[in-house]
Amino acid sequence: MIKKYTPLPYNAGVVEFGSIRPIYPAGVNKKIGEEIQRMGKCYFDISTVRQQDYELAAALGRRITKKIRIPAHVSVTQEHKARIDGVVYDIISIDYDGTQQYLNLERAEAMS
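What you see is a predicted model, and the numbers here were worked out from it, not measured in a lab. (Residues numbered from 1 in each chain as written. Predicted model: local features only at pLDDT ≥ 70, side-chain atom pairs only at ≥ 80, totals over all residues. Heavy atoms only, no water.)

Visitor: Which residues make up the overall build of the protein, and what values do they have?
Guide: The helix and strand tally for the protein stands at 1 helix and 6 strands. What you see in the protein, going N to C, is helices and strands ordered as β-β-α-β-β-β-β. Evaluated residue by residue, the protein yields a buried proportion of 35% over its 112 residues. Look at the contacts in the protein between residues 6 or more apart in sequence, and 55% of them connect residues 24 or more apart. (Helix = DSSP H or I, 4+ residues; strand = E, 2+ residues; numbered from the N terminus. Buried < 20%, exposed > 50% of the residue type's maximum accessible area, 1.4 Å probe, protein only. Contact = heavy atoms within 4.5 Å.)

Dropping the structure here:
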């Protein structure tokens, strides 16, 4: 018997992806802050963090704050930042399986 593929729901919220862009006031060559230049967004679901994820993060000198699951077709890299409910996260690593991506996130330092 062939099983019908049923996609898993992504119902934990919306995550935005982007890169950091410095803010300069008009006519002044001094940075006054930073903002995320949004490059895309998608729905996500929370995933459990595996022991090997913790070990990988520790080897990189990082700490996993959250792990999320998003569809595989979303184009995101480790150079991007992720924002969930106004909180900015660094993307530590990305794991793929056939239909989805798992992002290990670390809460970013406060942006000025």
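Visitor: Give a description of unusual backbone geometry that names residues and reports values.
Guide: Trans is the prevailing form of peptide bonds, just as negative phi is the prevailing case for residues other than glycine. Non-glycine residue D85 carries a positive phi angle of around 50°. Within the secondary structure, D85 sits in the loop between β4 (81–84) and β5 (87–96).

Visitor: Tell me about the sheet that holds strand β1 (residues 13–23), residues and numbers included.
Guide: Read around the closed barrel, the 6 strands follow the order β1-β2-β3-β6-β5-β4; overall the barrel is antiparallel. Shown here is a sheet whose adjacent strand axes are inclined to one another by a mean of 45°, direction ignored. Sheet topology places strand β2 (residues 33–46) next to strand β3 (residues 66–71); 2 bridges connect them, and they run antiparallel. Its bridge partner being in β3, I46 is matched across the sheet by I68. (Pairing = 2+ DSSP bridges. Axes fitted to C-alpha atoms, helices over the stretch in contact; angles between N-to-C directions.)

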